[in-house]
Amino acid sequence: MEVTHTFAATRDLYEGRIGLLPTMGYFHEGHLSLMDLLRRECDTMVVSNFVNPTQFDQSADLDSYPRDIDRDSALAEEHGVDIHFVPEVPEIYPPGSSTEVTVGKVALGMEGKHRPSHFVGVATVVAKLFAGLRPDIAVFGKKDAQQIAVLKGMVTDLRFPVEIVSGPLVREPDGLALSSRNVRLGAEERERALAISRGLFQAAMQIDAGERDGDRLEATVSRSISRLDADYVELVAAETMEPIAALDRPAVLAVAAYVGEVRLIDNLSIEWVDGTPAPDRGLILEEPSRLSAK
Ligand code: PAF
């Protein structure tokens with residue numbers, strides 16, 4: 001595996017079909033499962049590792065974002081990554097750079113509403129990665145469901161010749177969705193955070209039992225997280241991310257909530273199988289993840 005710092009040095013190493021996994025590092029089993037998925041789909045696998053300052057709306061969140069490039073490189077190598085691309089800020093944002101990607105309707109609600117500049121930052125950095133690295137395929141995790149919808153829209157609108165593939169949302173054995181931010185949760189906070197996945201799993205059981213009413217599904221999750229500081233609980237259409245009153249098409253039941261200082265997001269993606277909603281609870285690990293060992 002090679003570690004590179006510039007777009008040009010990265011492209012010099014290319015052979016065949018190029019796969020890209022964009023990340024902000026501090027790898028966990030969610031990232032590793034996306035690497036395993038991408039390994040099967042490309043000849044040269046590039047994993048970018050850049051904590052993108054423009055997508056953070058609070059400097060404290062940016063400053064406390066966990067980073068460990070040596071640890072990440074070792075894990076990337078174990079999972080068959082060919083190139084670990086670790087750019088410095090000026091490679092992504094050359095001095096004086098001022099061009100941004102604005103995002104449309106799909107970015108207005110949920111994360112876009114509570115973190116107004118977030119998706120402009122995400123779309124801009126991913127556009128730069130696509131332009132500089134020119135991948136044939138790129139993978140993103142389903143935990144960031146709205147991010148995937150925003151990026152699919154960008155790829156269609158700006159005609160990027162890249163296939164976007166989504167990989168599973170990965171959970172700890174007790175249900176907590178994996179996030180690099182989990183390492184910032186104290187023991188009591190981590191216990192309280194389980195209310196999020198518990199609420200989503202209860203909603204999934206209701207859906208399996210025939211519930212289709214949006215308010216009732218949202219209320220189930222809201223009740224479960226009543227001791228957390230919720231930003232939103234919303235049932236939205238999977239394609240447009242617009243709120244829907246009833247479960248009558250592929251959808252996402254999405255949550256964002258603060259546990260202490262740590263903001264967590266999670267969701268239940270509800271696919272449509274043979275005319276029936278099928279909640280996807282994600283990939284539940286059998287053993288605690290490497291984040292739990294922290
Ligand atoms: O999902 C993430 O880790 C980030 O939003 C991404 C896509 C790497 C852009 O910085």
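Our subject is the structure listed above.
Residues numbered from 1 in each chain as written. Predicted model: local features only at pLDDT ≥ 70, side-chain atom pairs only at ≥ 80, totals over all residues. Heavy atoms only, no water.

K.L.:
Help me out: how do you make sense of the site of the ligand in this one?
P.N.:
The local shell around the ligand consists of Pro 22, Thr 23, Met 24, Asn 52, Gln 55, Val 122, Val 125, Phe 140, Asp 144 and Gln 147. Between Gln 55 and the ligand, the recorded distance is 2.6 Å, taken from a side-chain N or O atom to an oxygen atom. Elements that contribute at least two residues to the shell around the ligand include exactly β2 (18-23) and α7 (118-133). Residue composition of the shell around the ligand, by class: 5 nonpolar, 4 polar and 1 charged. (Near = heavy atom within 4 Å. Polar contact = N/O pair within 3.5 Å; in protein donor to acceptor, adjacent residues only side chain to side chain. Helix = DSSP H or I, 4+ residues; strand = E, 2+ residues; numbered from the N terminus. Nonpolar A, V, L, I, M, F, W, Y, C, P; charged D, E, K, R; others polar.)

K.L.:
Explain the pattern of salt bridges to me, please; I cannot follow it from the model alone.
P.N.:
When their charged atoms lie close together, side chains carrying opposite charge are able to pair. Inspection of every chain in the model, using the stated rule, returns 19 salt bridges. Residue Asp 82 pairs with Arg 39 through a salt bridge whose shortest N-O separation is 2.9 Å. Residue Asp 82 is found in the loop between α4 (69-78) and β4 (83-85), and its partner Arg 39 is found in helix α2 (residues 29-39); the two are separated by 43 residues along the sequence. Take Asp 82: its relative accessible area is 28%, and that puts it in the partly exposed class. Between Asp 266 and Arg 171 there is a salt bridge, with the nearest N and O atoms lying 2.9 Å from each other. Taken together, the residues Asp 266 in strand β10 (residues 262-273) and Arg 171 in strand β7 (residues 170-171) connect sequence positions 95 residues apart. Each member of the pair, Asp 266 together with Arg 171, is buried. A single network of salt bridges, built from pairs that share partners, joins Asp 57, Glu 111, Arg 115, Asp 231 and Arg 263. (Salt bridge = Lys/Arg side-chain N within 4 Å of Asp/Glu carboxyl O. Buried < 20%, exposed > 50% of the residue type's maximum accessible area, 1.4 Å probe, protein only.)

K.L.:
Just checking my understanding: could you explain the nonpolar core for this structure?
P.N.:
Nonpolar side chains in soluble globular proteins tend to end up buried together. The biggest cluster of nonpolar side chains holds 41 residues, and the ones touching the most others in it are Val 126, Phe 130, Phe 140, Met 154 and Met 241. Elements with a contribution of two residues or more to this core: β2, β4, α7, β5 (137-141), α8 (145-157), β8 (229-237) and β9 (251-259). In terms of residue count, the dominant contributor to this core is α7 (9 residues). Apart from residues lying up to four places away in sequence, Phe 140 is in contact with Pro 22, Leu 34, Val 126, Phe 130, Gln 147, Ile 148, Leu 151, Ile 164, Val 165, Ser 166 and Gly 167. Counting 28 residues, the second-largest nonpolar core is a separate cluster that includes Leu 185, Ile 207, Ile 244 and Val 262. (Core = buried A, V, L, I, M, F, W, Y, C linked by side-chain atoms within 4.5 Å. Contact = heavy atoms within 4.5 Å.)

K.L.:
Which parts of the structure should I look at to understand the packing of α7 against α8?
P.N.:
Two measures define how a pair of helices packs: the angle their axes make with one another and the distance between the axes. Viewed as axis vectors pointing N to C, α7 and α8 meet at an angle of 50 degrees, and their least axial separation amounts to 10 Å. The angle between the axes of α7 and α8 places the two elements in the oblique class. Viewed along their axes, α7 and α8 form a crossing whose handedness is right-handed. From α7, Phe 119, Val 122, Ala 123, Val 126, Ala 127 and Phe 130 reach across to α8, where they touch Gln 146, Gln 147, Val 150, Leu 151, Met 154 and Val 155. In terms of residue class, the contact of α7 with α8 is built from 10 nonpolar, 2 polar and no charged. (Axes fitted to C-alpha atoms, helices over the stretch in contact; angles between N-to-C directions. Parallel < 35°, antiparallel > 145°, perpendicular 65-115°, else oblique. Left-handed = near helix turned anticlockwise from the far one by under 90°.)

All we've got here are geometric facts, nothing functional implied.
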